[in-house]
Structure formats: C-alpha cells, structure tokens
Amino acid sequence: VQLQASGGGLVQAGGSLRLSCAASGNIFNLDTMGWYRQAPGKQRELVAALTSAGNTNYADSVQGRFAISGDIAKNMVFLQMNSLKREDTAVYYCNMIRAFPRVQYWGEGTQVTVSS
C-alpha cells in the first residue's frame, strides 16, 4: 500500500491550499490519519490528525487556520490550509496508522512554499 499526496505548490502569504492523500489499496482497521511537515533544518512535526472516532488534533501553530478531514473507510485524508504564512513552508507528508496489527504508512511528501 502506498500513500499518494497532492495539492502542494507555491502560494502567497494569506492564500490557501488544499492537500489530498489517498491510499493505493485498502487499509483495514485504519485508526488515525494525519499530516506532518518538515521544514529545512527542522524535525518532522505533526500538523493535524483525525481519528476513526472523528476526533481531531492540531498543532498550536495551525489551530484555526488549517482543517483536516477525511474518509477513514476510503483511506482518504485532506488538509485545508488557509491564511498561510511563510513559516508554513515545508514538505508535507500524509500518514495513516493501522490499528491492528499496528502499521504506519507514509506518503512521499508534497512541497508547500509560501512567499511573502
């Protein structure tokens, strides 16, 4: 199973982008879907997560600006990013976690660049 992310690109500060991620095959017992990002010289960090129970979790830096959504059964996850800032520039990775047996899947990443 591979995760394919899309939707990244170059946008001006204050603009919006929508990232999408889909699994190439079925992932049964999917527990959590999420987005991480890694900026140059920094560690990969969690941006947003969505659980099978419908709970969401956001990094403080994106709270109120980003919104995660998805379909657990269809293995698809989205990230709507509004009011983008230069500090949001990073490679964004989608992530899916299968509950049992526990397996973590990663997408290849999509570049988001925010210009001033």
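First, a word on scope: everything that follows refers to the structure included in this document. (Residues numbered from 1 in each chain as written. Predicted model: local features only at pLDDT ≥ 70, side-chain atom pairs only at ≥ 80, totals over all residues. Heavy atoms only, no water.)

**Observations concerning the state of the cysteines**
So, step 1. If you walk through the whole model with that rule in mind, you get 1 disulfide.
So, step 2. The partner cysteine of cysteine 21 in its disulfide is cysteine 94, sulfur to sulfur 2.1 Å. Across the S-S bond of cysteine 21 and cysteine 94 the torsion is about 50°, and the bridge reads as right-handed. Taken as a pair, cysteine 21 in strand E3 (residues 17-23) and cysteine 94 in strand E9 (residues 90-98) lie far apart in primary sequence, 73 residues in all.
So, step 3. Since its relative accessible area comes to 1%, cysteine 21 is described here as buried.
So, step 4. Owing to a relative accessible area of 0%, cysteine 94 belongs among the buried residues under this scheme. (Disulfide = S-S within 2.5 Å. Helix = DSSP H or I, 4+ residues; strand = E, 2+ residues; numbered from the N terminus. Buried < 20%, exposed > 50% of the residue type's maximum accessible area, 1.4 Å probe, protein only.)

**Remarks on unusual backbone geometry**
So, step 1. In this model, phenylalanine 100 is joined to proline 101 through a cis peptide bond whose omega is -15°.
So, step 2. Along the chain, the position of proline 101 falls in the loop between E9 and strand E10 (103-106).
So, step 3. A positive phi is found at asparagine 75, a non-glycine position, where the angle reads about 55°.
So, step 4. For asparagine 75, the position within the fold is in the loop between strand E7 (66-71) and strand E8 (76-81).
So, step 5. Backbone geometry at serine 83 places phi at a positive 50°, although glycine is not the residue there.

**Side note on the environment of threonine 51**
So, step 1. With respect to the element layout, threonine 51 can be found in strand E5 (residues 45-51).
So, step 2. In contact with threonine 51, other than residues within four places in its own chain, are Asp31, Thr32 and Ile72. (Contact = heavy atoms within 4.5 Å.)

**Let's talk about the packing of aromatic side chains**
So, step 1. As enumerated under the stated definition, the model contains 1 aromatic pair in all.
So, step 2. On the numbers, 5.0 Å between centres and 65° between planes, the contact of tyrosine 36 with tryptophan 106 is edge-to-face. You can see tyrosine 36 sitting in strand E4 (residues 30-38) and its partner tryptophan 106 sitting in strand E10, a full 70 residues away along the chain.
So, step 3. One residue, arginine 44, lies across the ring of tyrosine 93, its end atom 3.7 Å from the ring centre.
So, step 4. For arginine 44, the ring lying beneath its charged end belongs to tryptophan 106, and the centroid distance is 4.7 Å. (Phe/Tyr/Trp six-rings, centres within 6.5 Å; stacked < 30°, edge-to-face > 60°. Lys NZ or Arg CZ within 6 Å of the ring centre and 35° of its normal.)

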